[in-house]
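Here are the chains, one letter per residue:
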Amino acid sequence: MKFLTKFDFTKDQLEYLDKNASSVMIDAMKKAKKLVSTNLKYLMDLGVKNYREIFLEYYDLFLLDNSNFMGIFNKYDREDLVDKLDKNVAIIEYL
């Protein structure tokens, strides 16, 4: 999962992911690293500061097709969404 270091993931965060994600999921993310990177960049471009925390909790979400991934977030006011995600990443479950 070295490709995640370009998104400022720390060694501890990558170790957390290795311990908590199944080997099947890790393999899928490695194979789809371009898609995962595109979805991470989208969140960053939205202004989401805690994108790493979101990724570590909902990594499977980042395997969605980019248009579907963007569709989840585009339904909401950008500033309001970024503010709510900053306060509580668990709201992702309700988007």
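To be clear, the structure that these remarks concern was listed above.
These notes cover the structure that comes with them. (Residues numbered from 1 in each chain as written. Predicted model: local features only at pLDDT ≥ 70, side-chain atom pairs only at ≥ 80, totals over all residues. Heavy atoms only, no water.)

### Here's the deal with the overall build of the protein
So, step 1. Each helix and strand counted, the protein has 6 helices and 0 strands in total.
So, step 2. Against the compact-globule benchmark of 12 Å for 95 residues, the protein has a radius of gyration of 13 Å, which places it among compact chains.
So, step 3. Judged by the C-alpha coordinates and their principal axes, the protein covers about 35 × 25 × 25 Å.
So, step 4. Here the contacts in the protein between residues at least 6 apart in sequence split such that 66% fall between residues at least 24 apart.
So, step 5. Entry remark: accessible area of the protein is about 5,900 Å², with carbon and sulfur atoms responsible for 50%.
So, step 6. Computed over 15 positive and 16 negative side-chain charges, the inter-centroid distance for the protein is 7 Å. (Helix = DSSP H or I, 4+ residues; strand = E, 2+ residues; numbered from the N terminus. Rg over C-alpha atoms; globule rule 2.2 N^0.38 Å. Contact = heavy atoms within 4.5 Å. Areas by Shrake-Rupley, 256 points an atom, 1.4 Å probe, with all protein chains shown as cover. Lys, Arg positive; Asp, Glu negative; His and termini not counted. Charge placed at Lys NZ, Arg CZ, Asp CG, Glu CD.)

### Quick look at the pattern of salt bridges
So, step 1. Taken as a whole, this structure holds 3 salt bridges when the rule is applied.
So, step 2. For aspartate 45, the salt bridge identified is with lysine 41, shortest N-O distance 3.1 Å. A residue pair is termed a helical-turn pair when its members lie 3 or 4 positions apart in one helix, as aspartate 45 and lysine 41 do in helix 3 (residues 33-46) at 4 residues.
So, step 3. Notably, a salt bridge pairs lysine 87 with aspartate 83, separated by 3.2 Å at the nearest N-O pair. Of the two residues, lysine 87 and aspartate 83 are both situated in helix 6 (residues 78-87); the distance of 4 residues between them amounts to about one turn of the helix.
So, step 4. When its relative accessible area of 36% is taken as the criterion, aspartate 83 is described as partly exposed. (Salt bridge = Lys/Arg side-chain N within 4 Å of Asp/Glu carboxyl O. Buried < 20%, exposed > 50% of the residue type's maximum accessible area, 1.4 Å probe, protein only.)

### So, the nonpolar core
So, step 1. One finds Phe55 and Phe73 to be the most contacted residues of the largest nonpolar core, which totals 33 residues.
So, step 2. Those elements that place two or more of their residues in this core are helix 1 (11-20), helix 2 (23-31), helix 3, helix 4 (51-57), helix 5 (66-74) and helix 6.
So, step 3. Tallying contributions element by element places helix 3 first for this core, with 5 residues.
So, step 4. Excluding its chain neighbours within four sequence positions, the residues that come into contact with phenylalanine 55 are Leu4, Phe9, Leu17, Met29, Val36, Leu40 and Phe62. (Core = buried A, V, L, I, M, F, W, Y, C linked by side-chain atoms within 4.5 Å.)

### Focus: the side chain of asparagine 66
So, step 1. As for its placement among the helices and strands, asparagine 66 is situated in helix 5.
So, step 2. You can call asparagine 66 buried: its relative accessible area is 19%.
So, step 3. Apart from the residues within four sequence positions on either side, asparagine 66 is in contact with Leu35, Thr38 and Asn39.

### Observations concerning helix 1
So, step 1. Where helix 1 is concerned, the buried positions are Gln13, Leu14 and Leu17. Projected down its long axis, helix 1 shows its buried positions confined to an angular sector of 100°, all on one face. Residues of helix 1 that are exposed and point more than 90 degrees away from the buried face comprise Lys11, Asp12 and Lys19.
So, step 2. In this structure, the buried residues of helix 1 make contact with helix 2 and helix 4. (Arc of directions from axis to C-beta.)

Worth remembering: the numbers are spatial, not functional.
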